[in-house]
Amino acid sequence: MLKLLRDLMRADPLPEEVAHPLGGMLITGQAGVMAGTQVATAAGWRPVEALRIGDRVLSFDHGFQPVIDVQRDRLTAGEERGAAAGRALRVPPGALGNQAPLWLMADQELLVESEAAQQILGEAFVAVPARALSGLRRIAEAEVGPERSTVTLIFPQEEAIYVEGGLLVLCPRPQTPLAAVEAGDPYEDYFRVQTLQTARFLLRQLIETGGAASLGYATEELAPMIAAPRQPPRLVG
């Protein structure tokens, strides 16, 4: 936690249009979305780096939600090869329904719906670290190039947002440093993040039984919803 606070203090200042302080709040976990990733918004699909405070992003639980803050971080080649939190995964075109290569931070948390999770864990919706996808459908760790950046979208509460490739990315809620320490598990009131071993088992089960599309949303339902907001679609599988 102290390292996280030091990193936040050393971070580059935010651009003026997104310099909206959270009043001592911070984001725990890996919530950054790689720049270039398309996100479903009220204005259609937009690259995450183009989003600003006040833009409405489509969430799984609560429809369109306003962005209340944006945090930006740069990755260096050393970080990508070094600490686990800085590693990235390359999802080749077509691996998860994505038309173009998709990049995910290895510790980014994804929301999936799984019958196996319901039977084994007693809950159908679980959060899994993206690194659990490594080795499935030609997905592998790779360098993303120098000076690539991530964008963290912040909402009033934890949200799972729709991104390209049929995936739901978790955006943790902001909380005070003291609350994060006292909580022990900052996600205990939200979707439970599975261990790497459990996540790999669940993802393999999903892909083997439902194919790559089972990891995300029903794309045929999403397009008209962006044009005319309504209830979010259910996950496939």
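The coordinates are above.
Just so it is clear, the model here is predicted, and its values are computed rather than measured.

Draft legend 1. The nonpolar core, seen in detail. L133, L153 and I161 are the most contacted members of the largest nonpolar core, which totals 38 residues. Of all the elements, helix 5 (residues 196-210) adds the most residues to this core, at five residues. Excluding its chain neighbours within four sequence positions, the residues that come into contact with L153 are V48, L51, V57, V67, D69, V70, I161 and C171.

Draft legend 2. A look at the pattern of salt bridges. One pass over the full model with this rule turns up three salt bridges. The residue R131 makes a salt bridge to E141 at a minimum N-O spacing of 3.6 Å. Here the residue R131 occupies a position in the loop between strand 10 (125-129) and strand 11 (140-141), and E141 occupies one in strand 11, the gap between them amounting to ten residues. We classify R131 as buried; its relative accessible area is 14%. Members of the salt-bridge network, linked through shared partners, are D107, R131 and E141.

Draft legend 3. Local environment of the side chain of E159. Its place among the elements puts E159 in strand 13 (residues 159-163). The buried charged residue E159 lacks any salt bridge, with R173 as its nearest oppositely charged partner at 11 Å. A distance of 3.3 Å separates polar atoms of two side chains, one belonging to E159 and the other to S59. For E159, the contacting residues outside a window of four places in its chain are S59, H62, Q65, V169, L170 and C171.

Draft legend 4. Seen up close, the environment of I53. If you trace the backbone, I53 turns up in the loop between strand 3 (44-47) and strand 4 (56-59). Linking I53 and V70, residues 17 residues apart in sequence, is a C-alpha distance of 6.8 Å.

Draft legend 5. Molecular detail of the sheet that holds strand 7 (residues 88-91). Strand order in the open sheet formed by three strands is 8-7-11, with antiparallel pairing between adjacent strands. The strands lining the two open edges of the sheet, one partner per strand, are strand 8 (102-105) and strand 11. Sheet analysis places strand 7 next to strand 8, joined by four bridges and oriented antiparallel. The residue bridging R90 from the neighbouring strand is W103, located in strand 8.

Criteria and cut-off values
Residues numbered from 1 in each chain as written. Predicted model: local features only at pLDDT ≥ 70, side-chain atom pairs only at ≥ 80, totals over all residues. Heavy atoms only, no water. Core = buried A, V, L, I, M, F, W, Y, C linked by side-chain atoms within 4.5 Å. Buried < 20%, exposed > 50% of the residue type's maximum accessible area, 1.4 Å probe, protein only. Helix = DSSP H or I, 4+ residues; strand = E, 2+ residues; numbered from the N terminus. Contact = heavy atoms within 4.5 Å. Salt bridge = Lys/Arg side-chain N within 4 Å of Asp/Glu carboxyl O. Lys, Arg positive; Asp, Glu negative; His and termini not counted. Polar contact = N/O pair within 3.5 Å; in protein donor to acceptor, adjacent residues only side chain to side chain. Pairing = 2+ DSSP bridges.

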